[in-house]
2 protein chains.
Amino acid sequence: MRRPTMTDVAREVGVTAKTVSRVLNDEGPVAVETRERVMAAVRKLGYQPNLMARNMRVGARDAAIGLVIPEMGNPFFGTVAGGVEGVIRERGLTLIVGSSSENAELEHSLIATFLARRVSALIVVPSAGSDHRRLRAERVAGLPIVFLDRPSVGLTADNVVSANRQGAQTGVTHLIAHGHRRVGFVGDLPAALYTRRERFQGYRDALALAGLPFDRALVDSGHDQDAAARATLRLLALDDPPTALFTANNLASMGAVLALSRAGRRDVALVGFDDLPLAEALDPPLTVVAQDPAGMAAAAAELVLSRMDGDRSKARRSLVPTRLIVRGSGEVPAPRT
Amino acid sequence: MRRPTMTDVAREVGVTAKTVSRVLNDEGPVAVETRERVMAAVRKLGYQPNLMARNMRVGARDAAIGLVIPEMGNPFFGTVAGGVEGVIRERGLTLIVGSSSENAELEHSLIATFLARRVSALIVVPSAGSDHRRLRAERVAGLPIVFLDRPSVGLTADNVVSANRQGAQTGVTHLIAHGHRRVGFVGDLPAALYTRRERFQGYRDALALAGLPFDRALVDSGHDQDAAARATLRLLALDDPPTALFTANNLASMGAVLALSRAGRRDVALVGFDDLPLAEALDPPLTVVAQDPAGMAAAAAELVLSRMDGDRSKARRSLVPTRLIVRGSGEVPAPRT
DNA sequence: TTGTAAGCGTTATCAC
DNA sequence: GTGATAACGCTTACAA
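In this text the structure is predicted, and so the values were computed from the model without any measurement.

> Looking at this structure, how should I read helix H6 (residues 104–116) of chain B?
One turn of the α-helix equals 3.6 residues, which is why residues spaced by three or four share an orientation. Residues and elements named next belong to chain B. Taking 1.5 Å of rise per residue, the 13 residues of H6 would be expected to cover 18 Å, and the 18 Å separating its terminal C-alpha atoms lies within 8% of that figure. Capping of H6 at its N-terminal end is provided by Asn103; its side-chain oxygen lies 2.8 Å from the backbone amide nitrogen of Glu105. Looking at the residues trailing H6, positive phi occurs at Arg118, about 60°.

Spelled out as structure tokens, the structure:
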């Protein structure tokens, strides 16, 4: 029992496939009566158009957008994926996703698969160490490519990133404003990661702006929650420990929160980059520099759509603002000396 | 500048397209020398096979799996998506996702789009109120369809769900074991949702097993975090309030944690269904009945693959076990009377 | 208002 | 070992 095709519908009605096509696509003139008979046959046969065939017309592209993110379980990237899908669906586009696990090779192979499918556009969150030189030909050929959260490497293309440096500066300045003169930095790894570097710069900017010295001993890192917790403990165990901490991403924040909570240290101020679901319920509630994943996704998707609509202007970098959310942990005052 | 096709490669080498196809698919006999010349031409022209065309052969299906989840930003479903992708990628399948926002109509339209693309299989987390009768024909035609987290409605098909009832019973029994005789239930909405109903049954099972009376006044609900927080406060404001709470999903847990933390109520025991990222860092750390989203995703994906491999046995229901994680909030003892 | 012919890029079938 | 031809289901261009 073959699935009915357009030709089957046409035969049923006694017209030709093209007429059925016209009815289904609301295109060109079709007699009212013909239209009705076609629709009836469509229902009777349970006909469903085959998108694969439709997408395969002369040089046409698949009505889908390929999205590569590091990890789907991470709410930040999950929200990004949802945001992209919400925007493109209005245009009848479908979302194809793959997760790279922060692995440049996997990222590359996902991109290759998406290109082989002839997706209409590509949105990529680059992994550390990936290189996008190979995408040059695609870009030249007019394929819209937008890099999200982290900029492209070796390729001039559209980028949508958070205002990492400014946001981090705001967060650290907030701590300094509460009297802290020794502010620790807990970052993620690898330290070469774009977001990590930018936020670290913001941290240094804030110190410089306040006339505070930079002390390399106050900088530590961990590549996951537990490692960040250990980094936090190392900082607190210094001879001249920090009285406040700035955590440069959500895993670092979670690690620091955990470490402080276990150690019963409520005297250490903490501002985290990127918001957490339960931030408000922590004790003290966590002050954060919140990113806007949905906003970033929307910006990237809109950019992609405008490129698909023929916008050939030169590559843009869109900086999505962050927002300081004051909740308590960042307002713990510095101890008197 | 057209993108090179198989025919272009063939012309370059002086063979026919079929030979190129044979080389690329390691199929049939090809002379070593021919193979090498083909590969050289592929590299020279930068040829990339067109998956759209490949997938469109006689009655063939798209090498992709359609996944419908309620919301991508929710780590539970994000993890599910990641888990599915990880398993199917090994088989060269691609993931196509859509989020239904718990809306039956949107769910239906996503499914229709996926069917139109002729996906190789469908994995669906049903929304409340959706009906899957229309998928009967697809199932009969042999399309693998697996329902995840919540069972199908109006259609006998494969299901993968958490051991909701047993898990909830375990959680509530745990509270009772710590001396609580009035245990409140904070659920999500709508109350007709499968998971909510099952967990509620588990709650009642635990009460019955312990010989405790069921008190409808101890049951409240909210459809999001804030509503759950308000529900929590309503329960605590009762004349004869609960001394322990069981929250039936992660939003309810977050709401309850928030409400208790704001009210400074550390004397109320709490066990939540579904784990939270920061559960350990809460004060007290949150005891939960953890689900296994990655395990569920893997089970669903494996089931789909086995169906694709021709397994025609009758529809299965797979119950994925939950796990009680003791952290502190569930062990707050009941006050003496 | 409708039909005809051709083609998208690949693979199946069968012949050489 | 390799080629010729047809086919997948649809749309475009042109003709009637």
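> Explanation requested: the packing of helix H10 (residues 225–236) of chain A against helix H11 (residues 250–263) of chain A in the structure shown.
A pair of packed helices is captured by two measures, namely the crossing angle of their axes and the spacing between those axes. Residue and element names in this part refer to chain A. The contact between H10 and H11 brings their axes to 7 Å, and the two run at 55°. What the angle tells us is that H10 and H11 run oblique. At the point where H10 passes H11, the crossing takes the right-handed sense. Counted together, Gln225, Asp226, Ala228, Ala229, Thr232, Leu233 and Leu236 of H10 and Leu251, Ala252, Met254, Gly255, Ala256, Leu258, Ala259 and Leu260 of H11 form the full contact between these two elements.

> How should I be thinking about the sheet that holds strand S11 (residues 317–320) of chain B in this particular structure?
Backbone-to-backbone hydrogen bonds pair the strands of a sheet. The strands run either parallel or antiparallel. Read from one edge of the open sheet, twelve strands run S11(A)-S5(A)-S4(A)-S3(A)-S1(A)-S2(A)-S2(B)-S1(B)-S3(B)-S4(B)-S5(B)-S11(B), paired in mixed fashion. Both outer strands of the open sheet, strand S11 (317–320) of chain A together with S11 of chain B, are each paired with one neighbouring strand and no more. Each strand of the sheet is rotated relative to its neighbour by a mean of 25°, with strand direction disregarded. Summarising the sheet, strand S2 (residues 94–99) of chain A and strand S2 (residues 94–99) of chain B pair through three bridges and their orientation is antiparallel. Note that in S2(B) the partner of A:Val97 across the bridge is B:Leu95. Helix H5 (residues 75–89) of chain B rests against S2 of chain A together with strand S1 (62–69), S2, strand S3 (119–124) and strand S4 (145–148) of chain B of the sheet, and its axis sits at about 160° to S2(B).

> Help me understand the protein's contact with DNA strand D, please; the structure alone is not making it clear to me.
Every one of the 25 residues lining DNA strand D counts as a neighbour, but A:Met6, A:Lys18, A:Tyr47, B:Thr19 and B:Thr34 are closest to it. Counting only atoms of DNA strand D within 4 Å of the protein, the sugar-phosphate share comes to 67%. Within the side chain of A:Ser21, an N or O atom sits 2.8 Å from a phosphate oxygen of DNA strand D. B:Met56 places a polar main-chain atom, nitrogen or oxygen, 3.3 Å from a base oxygen of DNA strand D. Elements represented by at least two residues in the surface near DNA strand D include exactly helix H2 (17–25) and helix H4 (51–55) of chain A together with helix H2 (17–24) of chain B.

> Sorry, what's going on with the relation of the copies chain B and chain A here?
What relates the pair of chain copies is a rotation about an axis plus a shift along that axis. Overlaying chain B with chain A gives an RMSD of 0.2 Å, the required rotation being 180° about an axis along which the chain moves by 0.1 Å. The transformation just described matches what one would write down for a two-fold rotation axis. Considering only C-alpha atoms, the residue of chain B closest to the rotation axis is B:Ile96, which sits at 2.2 Å. An overlap of 98% is found between the interface residues of chain B and their copies at the interface of chain A, pointing to a shared contact surface.

> Would you mind going over the side chain of B:His174 with me for this structure?
Residue and element names in this part refer to chain B. Residue placement: His174 occurs in helix H8 (residues 164–177). According to the relative accessible area criterion, His174 is buried, its value standing at 13%. The residues contacting His174, other than those within four sequence positions of it, are Val271, Thr287, Leu324, Val326, Gly330 and Glu331.

> Looking at this structure, I do not really get the nonpolar core. What am I missing?
If you look at soluble globular proteins, the nonpolar side chains tend to sit buried side by side. Judged by nonpolar contacts, the single largest core of 56 residues is most densely connected at A:Ile123, A:Leu148, A:Val160, B:Ile123, B:Leu148 and B:Val160. With 46 residues, the next largest nonpolar core counts A:Ala231, A:Ala256, B:Leu236 and B:Ala252 among its residues.

> Would you take a moment to explain the packing of aromatic side chains for this structure?
We describe a pair of aromatic rings using the distance from one ring centre to the other and the angle between the two ring planes. Evaluated as defined, the whole model comprises twelve aromatic pairs over all chains. Judged by centre distance (5.0 Å) and plane angle (50°), the rings of B:Phe185 and B:Tyr203 are tilted. With B:Phe185 in strand S6 (residues 183–187) and B:Tyr203 in helix H9 (residues 194–209), this pair connects stretches of sequence that are 18 residues apart. Like B:Phe185, the residue B:Tyr203 is buried in the burial classification. A centroid spacing of 5.9 Å and a plane angle of 75° characterise the contact between B:Phe200 and B:Phe214, whose relative ring orientation is edge-to-face. Residue B:Phe200 is found in helix H9, and its partner B:Phe214 is found in the loop between H9 and strand S7 (219–221); the two are separated by 14 residues along the sequence. Site record: aromatic cluster; members linked through ring pairs are A:Phe185, A:Phe200, A:Tyr203, A:Phe214 and A:Phe246. Taking the ring centre of A:Phe214 as reference, the NZ or CZ of A:Arg204 above it sits at 3.8 Å.

> Is there a simple way to explain the interface of chain B and chain A in this structure?
Quoted interface sizes are often the accessible area lost when the parts come together. Taken residue by residue, the interface counts 52 residues in chain B and 51 residues in chain A. Between chain B and chain A, a total of about 4,500 Å² is buried, with carbon and sulfur atoms accounting for 57% of that surface. Summed over the shared surface of chain B and chain A, the number is eight salt bridges. Residue A:Arg3 pairs with B:Glu138 through a salt bridge whose shortest N-O separation is 3.3 Å. The interface formed by chain B and chain A holds 18 residue pairs in polar contact (both at pLDDT 80 or more) in total. Sorting the residues of the side of chain B that touches chain A by element identifies helix H4 (51–55), S1, H5, S2, H6 and helix H11 (250–263) of chain B as the ones contributing at least two each. Broken down by element, the side of chain B that touches chain A gets its largest block of residues, seven residues, from H5(B). Considering only residue class, the side of chain B that touches chain A consists of 27 nonpolar, 13 polar and twelve charged.

What counts, and at which threshold
Every chain begins its residue count from 1, and numbering advances along the sequence as written. For this description, chains carry letters from A and ligands carry numbers from 1, given in the order in which they are written. It should be noted that, the model being predicted, local features are given only for residues of pLDDT at least 70 and side-chain atom pairs only at 80 or more, the latter also being counted only at that level, while totals for whole chains, interfaces and linings use all residues. Remark: hydrogens and water are excluded; side-chain values derive from all non-hydrogen atoms of the structure. Helix and strand assignments follow DSSP, with helices taken as H or I runs no shorter than four residues and strands as E runs no shorter than two, numbered in order from the N terminus. Each residue after the first adds 1.5 Å to the expected span of a helix. What qualifies as a polar contact is a pair of N or O atoms within 3.5 Å, subject to a donor-acceptor requirement within protein and to the restriction that residues adjacent in sequence count only when both atoms come from side chains. Between N-to-C directions, angles cover 0 to 180 degrees, with each direction set by a line fitted to C-alpha atoms, over the stretch in contact for helices. Here the word oblique covers every angle except those under 35 degrees (roughly parallel), over 145 (roughly antiparallel) and from 65 to 115 (roughly perpendicular). Handedness of a helix crossing follows the sense of rotation of the near helix relative to the far helix, less than a right angle counterclockwise being left-handed and clockwise being right-handed. It only takes one pair of heavy atoms within 4.5 Å for two residues to be counted as in contact. Two strands are counted as paired when DSSP detects at least two bridges linking them. For each residue, the test is whether any non-hydrogen atom lies within 4 Å of the molecule or strand; if one does, the residue is near. We superpose the copies by least squares over the C-alpha atoms of residues that have a pLDDT of at least 70 in both of them. Residue burial is assigned from relative accessible area. The probe radius is 1.4 Å, only protein chains are included, and a residue is buried under 20% of its type maximum, exposed over 50%, and partly exposed in between. What we call a nonpolar core is a set of buried Ala, Val, Leu, Ile, Met, Phe, Trp, Tyr and Cys residues that are connected through their side-chain atoms within 4.5 Å. Any two rings among Phe, Tyr and Trp, with Trp reduced to its six-membered ring, count as a pair given centres within 6.5 Å; such a pair is stacked if its planes are under 30 degrees apart, edge-to-face if over 60, and tilted if neither. Placement of a positive charge over a ring is assigned whenever Lys NZ or Arg CZ falls within 6 Å of the ring centre and within 35 degrees of the normal to the ring plane. By definition, the buried area sums, over both parts, the 1.4 Å-probe accessible area that each loses when the two are put together. Only one rule defines a salt bridge in this text: a Lys or Arg side-chain nitrogen within 4 Å of an Asp or Glu carboxyl oxygen. In this count, Pro and Cys sit with the nonpolar residues alongside Ala, Val, Leu, Ile, Met, Phe, Trp and Tyr, while Asp, Glu, Lys and Arg are called charged and the others, Gly among them, polar.

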